[in-house]
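Letter by letter, the chains look like this.
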Amino acid sequence: MKKVITLLISLLLLVCLSSCANIKKEVELSQDRTNVVSIEIYNSERAYYERDIHGFLEENEPIWVLESEKNSDFLDALCAFEYEEEKVFFPIPMDGGCDYQG
């Protein structure tokens, strides 16, 4: 009986330690707003990864370039967005990457 209880507690502990949760956060800029010189909006048809992102600007043209007077309004609207960040409570080694598309 002790082995069964120990096994159940071990399984329960394993499930609890390998869980994750979604936490709502607001968008934060990586630099100060005064460093923003221009804002260009792109719509790429192709997915770019870390290994080929260097060709993004050569292969795409912006569909819209905001006037510098509107940068502050755009950044205010951008910072008002919320998103969910996934937090892993018991991190296991994972490979991850970023794609830039759409």
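In case you missed it, the structure is sitting above this.
Structural notes, computed from the coordinates. (Residues numbered from 1 in each chain as written. Predicted model: local features only at pLDDT ≥ 70, side-chain atom pairs only at ≥ 80, totals over all residues. Heavy atoms only, no water.)

1. Concerning the packing of aromatic side chains
Okay, so step 1: For the coordinates displayed, the defined rule picks out two aromatic pairs.
Okay, so step 2: For the ring pair Tyr42 and Phe56, a centre distance of 5.1 Å and an interplane angle of 65 degrees mean the geometry is edge-to-face. Taken together, the residues span a long stretch of sequence, with Tyr42 in the loop between β2 (40–41) and α2 (56–59) and Phe56 in helix α2 at a distance of 14 residues. Each member of the pair, Tyr42 as well as Phe56, is classed as buried.
Okay, so step 3: The interplanar angle of 80 degrees and the centroid separation of 5.1 Å between the aromatic rings of Tyr48 and Phe56 together place this pair among those described as edge-to-face. Accessibility classification places Tyr48 together with Phe56 in one group, the buried group.
Okay, so step 4: Following the ring pairs from residue to residue traces out a cluster consisting of Tyr42, Tyr48 and Phe56. (Phe/Tyr/Trp six-rings, centres within 6.5 Å; stacked < 30°, edge-to-face > 60°. Helix = DSSP H or I, 4+ residues; strand = E, 2+ residues; numbered from the N terminus. Buried < 20%, exposed > 50% of the residue type's maximum accessible area, 1.4 Å probe, protein only.)

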